[in-house]
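Survey of secondary and tertiary structure
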Amino acid sequence: MSTTSRGYAALAGITAAAVAIGAAEPVAVLTGPRSAPLIAVGGLVVDFVPEPVKQFAIALFGTYDKIALLIGTALLLAAFAALLGVLAARRLWIGLVGIAAFAAIGVAAALTRAGADAADALPSLVGAALGALVLWLLLAGPLQTDLWSWSPPTPDGDEVDPEGRRRFLTGAGALLGAAAVAGLGGHWLGGRRGVSAARRAVALPTPSAAAPAVPAGADLSLAELAPYVTTNSGFYRIDTALVVPQVDPETWQLRIHGRVRNEITLSFADLLRRPLVERYVTLACVSNEVGGDLIGNARWLGVPIKELLDEAEPEEGADQVVGRSVDGWTCGTPTTVLRDGRDALLAVGMNGEPLPVEHGFPVRMVVPGLYGYVSACKWVTELELTSFADFDAYWVPRGWSAQGPIRTQSRIDTPRSRNRLSAGPVMVAGVAWAQHRGIRRVEVRVDEGPWREATLAPTVSADTWVQWSWRWDATPGEHTLQVRATDADGQTQTGQQRPVAPDGATGWHTVKVTVR
Ligand SMILES: Nc1nc2c(c(=O)[nH]1)N[C@H]1C(S)=C(S)[C@@H](COP(=O)(O)O)O[C@H]1N2
Ligand SMILES: [Mo]
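Model, not experiment: these values are computed from the prediction.

Overall, the coordinates contain 10 aromatic pairs when judged by the stated rule. Relative to Trp400, the ring of Trp395 has its centre 6.4 Å away and its plane inclined at 75°; by these criteria the two rings are edge-to-face. Its relative accessible area of 16% is what places Trp395 among the buried residues. Overall, Trp400 belongs to the buried group, its relative accessible area being 5%. Note on Trp451 and Trp508: the rings are 5.1 Å apart at their centroids and 75° apart in plane angle, and the pair reads as edge-to-face. One end of the pair, Trp451, is in the loop between strand S14 (439-446) and strand S15 (452-453); the other, Trp508, is in the loop between strand S18 (477-487) and strand S19 (510-515), with 57 residues separating them in the sequence. Members of the aromatic cluster, connected to one another through ring pairs, are Trp329, Tyr373, Tyr394, Trp395 and Trp400. Positioned above the aromatic ring of Tyr394 is the side chain of Arg398, whose terminal nitrogen or guanidinium carbon lies 3.8 Å from the ring centre.

Sites flagged by UniProt as "domain: Oxidoreductase molybdopterin-binding" (unreviewed entry) map to residues 243-395. Between the C-alpha atoms that bound residues 243-395 there is a distance of 19 Å. The span itself is 12% helix and 37% strand.

What follows concerns the domain arrangement of the protein chain. Once the domains are mapped, the protein chain shows domain 1 (3-193), domain 2 (253-398) and domain 3 (409-515). Placing the centre of domain 2 and that of domain 3 at their C-alpha centroids yields a distance of 30 Å. Its largest share of buried area at the contact with domain 3, domain 2 owes to Thr282, Val290 and Ile295, together 32% of the area lost on that side. The interface formed by domain 2 and domain 3 contains 0 salt bridges. There are 4 residue pairs in polar contact (both at pLDDT 80 or more) connecting domain 2 and domain 3. Within the residue set of the side of domain 2 that touches domain 3, elements represented by two or more residues are strand S3 (277-284) and strand S4 (295-304). For the side of domain 2 that touches domain 3, the class distribution of residues is 10 nonpolar, 8 polar and 4 charged.

About the cut-offs
Residues numbered from 1 in each chain as written. Chains lettered and ligands numbered in written order. Predicted model: local features only at pLDDT ≥ 70, side-chain atom pairs only at ≥ 80, totals over all residues. Heavy atoms only, no water. Phe/Tyr/Trp six-rings, centres within 6.5 Å; stacked < 30°, edge-to-face > 60°. Buried < 20%, exposed > 50% of the residue type's maximum accessible area, 1.4 Å probe, protein only. Helix = DSSP H or I, 4+ residues; strand = E, 2+ residues; numbered from the N terminus. Lys NZ or Arg CZ within 6 Å of the ring centre and 35° of its normal. UniProt positions renumbered as here; feature names shortened; annotations may be inferred. Domains from an automatic or database assignment. Buried area = accessible area lost by both parts, 1.4 Å probe. Salt bridge = Lys/Arg side-chain N within 4 Å of Asp/Glu carboxyl O. Polar contact = N/O pair within 3.5 Å; in protein donor to acceptor, adjacent residues only side chain to side chain. Nonpolar A, V, L, I, M, F, W, Y, C, P; charged D, E, K, R; others polar.

Shown next as structure tokens:
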């Protein structure tokens, strides 16, 4: 086979794959977006990819890691499809067997997701059937030519049959176009079946215990400094969901079960009828590097989890509460933490609005003082009482600690690294956090000189971060600024640098600036 013929055969393979993926999308409008082959297989990859690779992806792509994963999967698929096309040009059955193998992977991925039913196999099956049809059409059916024949090329290259070539290319082009229309159209239709309308229709009750007012001066309002209250749209998002779960509040239920004396099932309406409290709580991700921004502070409205657990009456020894999301993700929280009186909430509201869909609508957990991966279950539908000895939540077998108290940390927001400043007074400012313990002191030092105490702004409570500031008399030259915080227990942040895994990064945030 000549290079040109191989190119045509590869194009046939890619067209078949595109039709398979594209045709699956409209079917997935009926069976749910997580049954679409690319998403289903991508989800498997997310769950089973080795931890170092995931760390690398997050480091490289940040919160775009999911898009990067999908593009990577698509490129890999295209390469396989091209190869399959070339093989199928020689023997069609090889191509058909290849498509069947891909269909089997798609079906297996779709059927093993949490909450899957038999219908979830349909997108992959329909896609594979149409993909096989297209491969036949282009390589052996009405659109085929002898472009990949083994006959020696004629003096004018491969152009054995210009008419056939035109027919083939027009056919492949039309099929690729149809695949794109089906894929994008289906995807768009699927998006319209989301719960944003149901979310807009939710009227949140007024809290029976309102959040304390934010004290004057809590927000220093400096240009580069993170605001004291993070907006919903500016709030970091971390989860394993390739498509955001769309949970209808009408059918949502929370089951509190496992090692309890009274099993409880609550509807969304039941939840809203209970006394709701509103609290400022700063949420943080264990994957946050020193100086990173996977942290945000919001006003959460919700039902105290303690009250629900008291009613459920956990049995002796049930030291872990497993929060389970509709998509099967789990987190494990110490029962004692949820019952010690802190404002651990089943939250329905965020900054005065129903929870944004990507932040867990209709209901999520919020627990002051613990990293999100052990406590902040979004789209939560179960609280199961068990023990740490009996159950490992999602991240534990993946190398993260079962216990995840938030480490005391501090960050310099202004000036930024590599900023160029003028000599004279410079406002150095940032945030510090040690949720539920509180921050007692923040210190700054320049060029490893003596630590200088910064001024702490007022905060609502020990459950939120605090802004700090320090006036620096900057002199010309290159300078290094560092910050460290001490929590209310008197523990000062260690300067020893440790990575985010298994239980949170340590070290002092360091910023280098040039002053002229
Ligand atoms: N269902 C579900 N909930 C989840 C996660 C997840 O992957 N799935 N990730 C957790 C992690 S690691 C963090 S840090 C917080 C982040 O919450 P946010 O996206 O609202 O900021 O959600 C937690 N809740
Ligand atoms: Mo996280």
